[in-house]
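# Results of the structural survey
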Amino acid sequence: MLVAPVLLLLLVPFPPSSGAQLPNQGQAKDLPIATNGQPFPWDRMRLPKTISPLHYDLTIHPNLTTLDFTGVARIELDVHEDTSIIILHAKQMQISNVLLLAPEGIRPLHVLEYPHFHQLALLSDSVLTKGRKYEVQLEFAANLSDSYHGFYKSSYRTSSGEVRVMASTQFEATFARAAFPCFDEPAFKANFTIRIIREPRHIAISNMPKVKTVELPGGLLEDHFDTTIKMSTYLVAYIVSDFLSVSKTTQHGVKISVYAVPEKINQTAYALDAAVKLLDFYDNYYDIPYQLPKHDLAAIPDFQAGAMENWGLSTYRETGLLFDPDRSSASDKLGITKVIAHELAHQWFGNLVTMEWWNDLWLKEGFAKFMEYISLDISYPELHVDDFFLGKCFDAMEVDSLSSSHPVSTPVENPMQIQEMFDDVSYDKGACILNMLRDFLTPEAFEIGIIQYLKRYSYQNTVSSHLWESLTNVSDVSVGTVVILCLSFVPLINRSALDVRAIMDTWTLQEGFPLVTVEVRGREVRLSQERYLKTDDPSLTEGFLWQIPLTYMTSTSNTIQRFLLKTKTDILYLPEEVDWVKFNVDMSGYYMVHYAGEGWNSIIRLLQHNHTALSGNDRANLIHNVFQLVSIGKVRLDTALELSLYLSRETEIMAVTQGFGELVPLYKLMEKRDMAALENQMKGYIVDLFRGLIDRQEWTDSGSVSERVLRSYLLLFACVRNYAPCVTKATQLFNKWKDSDGTLSLPVDITMAVFVIGARTPEGWDFLFEKYRHSMQMSVKSRMKTAMTVTSLQDKKWLFPLASYGEVMKTQDLPGVVVSVSKNPHGYKLAWDFLRANWHTLIKKFDLGSSTISHMVTQVTNQYSTREMLDEVRSFFGSLTEETGSEMRCIQQTYETIEDNIRWMDTNLPLLQAWLNKRSHKVAHEDL
């Protein structure tokens, strides 16, 4: 298949769409030119609204030997305006025998193709009349894609070494058009009746249950699937494979099945039970029954994203679905449960109610991310999912603190721009602002509002304002009195005039987030807001204003107080003077807080003498805020470091990991500047800070999920940092495991630390590599792979030529390996060189604008801290054309991040050196 032209097509600059009427035929000179040289009668990226599809009848015949497919699409159309032109999508396929099936008879249609927009024009010699129903029939043929989208080829290797081929689909966001001709926009919902032709050695599954199988001449079989409910094209799915499955039925009578390759079917039990439990939870929570008779979850051997919510047939990476109770870790269990919760949440948010266009992608992705935590908190309390939500908000703030960020809801037109919407802003910021709104309205009012939204807009398309209206109007429903009571705790608000849209538009229609400065003077609390932005240009922070639902508690009352800050500055009054005040309680709000005057000093005193007066989330929030404020010059570095000293007594996972998250990057920046003495001093400080907690860790799998995840984290850090007790223990365990030829059962949660130490010797690395090649346990393979990338062995080049991938490792895993190698002080240049040398191959395989490419670009470069590296990065990305990615947002993010790193180092290195010297002198003096 020719892949290069696709990139050309995706990146042509497109004029904005401004309506649905066909252009004036008299302006033909301005029209695009079709492949046959004739004018193409439509000049916009978005399809016209003159015609919409009602029903697709699809027959698909993939050939897994020749790796191509043929098909027939018969589409029933509803005509909204008189027209003689039908515009729809098709991409990289041969179209033939196109017919109009009208009441007057069957007529051929003339076909024009405009590949730049992936569009077909079907021209009729007679007018299609408004209000009438017509059908068109198209035959099509194409190669199975060798990327990870459209109708694509996947393969896996059995334990005996046999390679088996299968075919699967991934249509979100704009790839259904590469599998069959269609109106490939989310608002063009229709019903789909699908038939798949296959060989007897395979099975076929699709969105709906199979109703019958028909034998065809030549020994082929044709599976007929029931007609779907009304849905968008991006949710259509079908798989042809030799998968096996296991099944159960929910309390509401829905059949749940999990599909996997035969040799991994024994790793599906956990996912099956989780899917049953979570679908029942959503059925009850949304008060709307799941709409289909079945839901399948399929583990696909080759899969670029984490998972996809196709209605009735969700698809997953194998690592996102397969769980071995004896070999998978606590974090594996947490991750798998979250991803299943995410995709099942979409069956309502996204599938039943769909955004009108991709600019409001957050309406489904922010909600699904948010519902992961709501559903698991209730259904799986033992997973302590609340301990991890803050991390999502910190991730979102990382990209949202740059001037290259974008509003949650932002205009997009072309496929690359749409792909770029699948980022931390749409997912994580979306989830965090929903969590803030839920906290503000109360969980009860919020739940009533979203149920009202789902019921009102079922099978329809929405924009953000529809959600805000449903949440504003919660008092109109029958339980309105309950809601008004729920809202009674919000002071200074006229509850009858509560305008959710006015509040939330400030969070979705402008990029970034606010920094609230708090200054306490006696009983008076002075508040001001500005945009938090990592920049040396203050003018970029002007013109922003949010309506901020503030929460706070004080030294005299742990009751949560609330205040809606609508203006640039305001004052609130406390009932009495206090020793300290903490805003953004539990970080329920998506904003940072700067405690001016003596504010930070009073918080540091509190943490040093009685840190448990604040919750673990509050402590994590303070650690994050104080170090982030150093970056913009609001707080001195030594103040932040003084606050970090309390961490020697910290035990809660979110506060501990945030401590690492702020301190470790400081020495990672130094690794790129060849300043070993200060770097080692910083590493020593961090090890000393957490030494007590590390020493208390048992090398077992005991404890809660949070305790187990924290243990893995701490022991891995200690071993990587050469903490002697850890290295000794891990070496002993690795040697025992190696001597048993890998059969010894190690405690799962400590295997990463053990493997990392084992990979430091050539013999250990080679042994891990062989075990990796032959293992069928996805989570074990993942830990081995990571351990091998962080080795200090110079000759173990994990980034071998791209052509080698597929033989040793799945190409889908390559981006993760590139990023892991880039974090290795011995490998960061290797990763950057690999990214540059293989750029064109990578963007063909993983697609321009995809989160995969963006993640590689930002993560490989985000610890560079010198002008030389910035110049090198600018030189490479500056040499790209629009067709090869020069317009991608992640490139601007990369420039900004490196510039911020350079500013940070130039400003703070002397302070850091002085503080560490003073600290080591003080510690040495205390030891005497």
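The residue count restarts for each chain, going from 1 along the sequence in the order it is written. Given that the model is predicted, a residue must reach a pLDDT of at least 70 before its local features are reported, and side-chain atom pairs must reach 80 or more before they are shown or counted; all residues, however, enter totals for whole chains, interfaces and linings. Hydrogens and water molecules were not included; the side-chain quantities draw on all heavy atoms of the structure.

## Describing the overall build of the chain
Looking only at helices and strands, the chain has 27 helices and 29 strands in total. If one aligns the C-alpha atoms of the chain with their principal axes, the spans along those axes are about 100 × 70 × 55 Å. Whether a residue is buried, partly exposed or exposed follows from its accessible area with a 1.4 Å probe, protein chains only, as a fraction of its type maximum: under 20%, in between, or over 50%, in that order. Within the chain, the fraction of its 928 residues that count as buried is 61%. Here a residue-residue contact requires only that any non-hydrogen atoms of the pair lie within 4.5 Å. Put simply, 72% of the contacts in the chain that link residues at least 6 apart link residues at least 24 apart. For the chain, the exposed surface amounts to about 34300 Å²; the carbon and sulfur share of it is 50%. Charged-residue counts in this description rest on Lys and Arg as positive and Asp and Glu as negative, His and the chain ends being excluded. To locate a charge, the coordinates of NZ of Lys, CZ of Arg, CG of Asp or CD of Glu are taken. Computing the positive centroid from 86 side-chain charges and the negative centroid from 110, the chain places the two 2 Å apart. Under the DSSP-based scheme used, a helix requires at least four consecutive residues in state H or I and a strand at least two consecutive residues in state E, with every element numbered from the N terminus. Working definition of accessibility: Shrake-Rupley area with a 1.4 Å probe, residue cover restricted to the visible protein chains.

## A closer look at the UniProt feature "binding site: Zn(2+)" (unreviewed entry) in the chain
UniProt positions are given in the numbering used here, feature names are shortened, and annotations may be inferred rather than shown by experiment. Using the residue numbers shown here, the UniProt feature "binding site: Zn(2+)" (unreviewed entry) corresponds to His-342, His-346 and Glu-365. Spanning 24 residues, the named residues form one tight spatial group whose C-alpha atoms are at most 8.6 Å apart. You can see His-342 is positioned in helix α3 (residues 330-345). Other than its neighbours up to four places away in sequence, His-342 contacts Glu-365, Ala-368, Lys-369, Glu-372 and Tyr-427. In contact with His-346, not counting residues within four places along its chain, are Glu-309, Asn-351, Lys-364, Glu-365 and Ala-368.

## Overview of the sheet that holds strand β20 (residues 313-317)
The rule for pairing is simple: two strands pair if DSSP sees at least two bridges between them. Pairing is mixed in the open sheet, where 5 strands are placed in the order β16-β17-β18-β20-β19. Each end of this open sheet is capped by a strand with a single partner; those strands are β16 (244-249) and β19 (307-308). By the bridge criterion, 5 bridges tie strand β17 (residues 255-260) to strand β18 (residues 294-300) in an arrangement that is parallel. Its bridge partner lying in β18, Tyr-259 is registered against Ala-298. Working convention: axes come from line fits to C-alpha atoms, limited for helices to the stretch in contact. Angles between N-to-C directions cover 0 to 180 degrees. Packed onto the sheet, α3 meets β18, β19 and β20 and runs at close to 150° relative to β20.

## Here we look at the environment of Lys-130
Relative to the helices and strands, Lys-130 resides in the loop between β7 (119-128) and β8 (133-143). Between the C-alpha atom of Lys-130 and that of Pro-415, which follows or precedes it by 285 residues, the distance is 31 Å. Apart from the residues lying within four places of it in its own chain, the contact partners of Lys-130 are Val-79, His-80, Glu-81 and Asp-82.

## Re the sheet that holds β7
Here we have 3 strands laid out as an open sheet, ordered β3-β7-β6, and antiparallel in their pairing. If you trace the sheet from one side to the other, it starts and ends with β3 (83-89) and β6 (110-114), each paired once. For this sheet the average axis-to-axis angle between neighbouring strands, irrespective of direction, equals 25°. Looking at chain direction, β6 and β7 are connected through 5 bridges and run antiparallel. Note that in β7 the partner of His-110 across the bridge is Leu-123.

## Section: the state of the cysteines
Throughout, disulfides are identified as pairs of cysteine sulfur atoms within 2.5 Å of each other. For the structure shown, the criterion picks out 2 disulfides. Here Cys-393 pairs with Cys-432 through a disulfide, and the sulfurs are 2.1 Å apart. Disulfide Cys-393-Cys-432: torsion about the S-S bond near -105°, hence left-handed. Taken together, the residues Cys-393 in helix α5 (residues 389-400) and Cys-432 in helix α7 (residues 424-441) connect sequence positions 39 residues apart.

## A closer look at the pattern of salt bridges
Two side chains of opposite charge can pair, provided their charged atoms sit close to one another. Counted as salt bridges are all cases of a side-chain nitrogen of Lys or Arg within 4 Å of a carboxyl oxygen of Asp or Glu. Scanning all chains against the criterion turns up 52 salt bridges. Between Asp-287 and Lys-455 there is a salt bridge, with its nearest N and O atoms 2.7 Å apart. Of this pair, Asp-287 sits in the loop between α2 (269-286) and β18 while Lys-455 sits in helix α8 (residues 443-456), and the two are 168 residues apart along the sequence.

## Side note on the packing of aromatic side chains
Only Phe, Tyr and Trp rings are paired, with Trp represented by its six-membered ring, and only when their centres lie within 6.5 Å; those with planes under 30 degrees apart are stacked, over 60 edge-to-face, the remainder tilted. Evaluation of the coordinates by the stated rule reveals 54 aromatic pairs. Aromatic pair Phe-69 and Phe-151: ring centres 5.1 Å apart, planes at 65°, arrangement edge-to-face. Residue Phe-69 is located in strand β2 (residues 68-79), and its partner Phe-151 is located in strand β9 (residues 150-157); the two are separated by 82 residues in the primary sequence. On the accessibility criterion, Phe-69 (2% relative accessible area) is buried. On the accessibility criterion, Phe-151 (1% relative accessible area) is buried. Summarising the aromatic geometry, the rings of Trp-507 and Tyr-590 are spaced 6.5 Å apart at their centres and angled 70° between planes, so their arrangement reads as edge-to-face. Residue Trp-507 is located in helix α11 (residues 500-508), and its partner Tyr-590 is located in the loop between β28 (581-583) and β29 (592-595); the two are separated by 83 residues in the primary sequence. When its relative accessible area of 0% is taken as the criterion, Trp-507 is described as buried.

## Section: the nonpolar core
Residues belong to one nonpolar core when they are buried, are Ala, Val, Leu, Ile, Met, Phe, Trp, Tyr or Cys, and are joined through side-chain atoms within 4.5 Å. Counting residues in hydrophobic clusters, the biggest one holds 315 residues, and the most contacted among them are Phe-180, Tyr-286, Ile-340 and Phe-583. It is α2 that provides the largest number of residues to this core, a total of 12 residues. If near-sequence neighbours (up to four positions away) are discounted, Ile-340 is found in contact with Ala-271, Ala-274, Ala-275, Leu-278, Leu-297, Tyr-316 and Leu-321.

## Here's the deal with the packing of helix α15 (residues 653-671) against helix α16 (residues 676-695)
Packing of α15 against α16 brings their axes to within 8 Å, and their N-to-C directions diverge by 165°. In this view, α15 runs roughly antiparallel relative to α16, as classed from their interaxial angle. In the packing of α15 onto α16, the handedness of the crossing is left-handed. Counting all contacts with α15, which are made through Val-656, Phe-660, Leu-663, Val-664, Leu-666, Tyr-667, Met-670 and Glu-671, the residues of α16 involved are Leu-678, Glu-679, Met-682, Lys-683, Tyr-685, Ile-686, Leu-689, Phe-690 and Leu-693. Lys, Arg, Asp and Glu make up the charged group, whereas Ala, Val, Leu, Ile, Met, Phe, Trp, Tyr, Cys and Pro make up the nonpolar group; the residues left over, Gly among them, are polar. Taken together, the residues that form the contact of α15 with α16 break down as 14 nonpolar, no polar and 3 charged. Working rule for angles: under 35 degrees goes down as roughly parallel, over 145 as roughly antiparallel, 65 to 115 as roughly perpendicular, anything else as oblique. Two helices cross in a left-handed way if the nearer one is turned anticlockwise from the farther one by less than a right angle. They cross in a right-handed way if the turn is clockwise.

## Describing the UniProt feature "domain: Aminopeptidase N-like N-terminal" (unreviewed entry) in the chain
As recorded in UniProt, the sites labelled "domain: Aminopeptidase N-like N-terminal" (unreviewed entry) are residues 53-235. With 0% helix and 59% strand, residues 53-235 has its two end C-alpha atoms placed 15 Å apart.

## What about the pairing of strand β4 (residues 94-102)?
Where β4 lies against β8, 6 bridges are found, and the strand directions are antiparallel. Residue pairing across strands places Leu-99 opposite Gln-137, the latter belonging to β8. Pairing between β4 and strand β5 (residues 105-108): 4 bridges, direction antiparallel. Across the sheet, residue Leu-101 finds its bridge partner in β5, namely Ile-106.

## Describing α16
Note on bend: at a given residue it equals the angle between the axes fitted to the 7 residues ending there and to the 7 starting there. A maximum bend of about 45° is found in α16 at Leu-689. By the burial criterion, the buried members of α16 are Leu-678, Glu-679, Met-682, Lys-683, Tyr-685, Ile-686, Val-687, Leu-689, Phe-690, Leu-693 and Ile-694.

## Comments concerning the side chain of Ser-405
By the secondary structure assignment, Ser-405 is in the loop between α5 and α6 (415-420). Of the residues examined, Ser-405 reaches a relative accessible area of 10% and is grouped as buried. Side chain to side chain, Ser-405 and Asp-400 meet in a polar contact 2.6 Å long. If sequence neighbours within four positions are ignored, Ser-405 has contacts with Val-399, Asp-400, Val-425, Glu-511 and Arg-531. Polar contacts here mean pairs of N or O atoms no more than 3.5 Å apart (in protein, one a potential hydrogen donor and the other a potential acceptor; neighbouring residues in sequence count only if both atoms are side-chain atoms).

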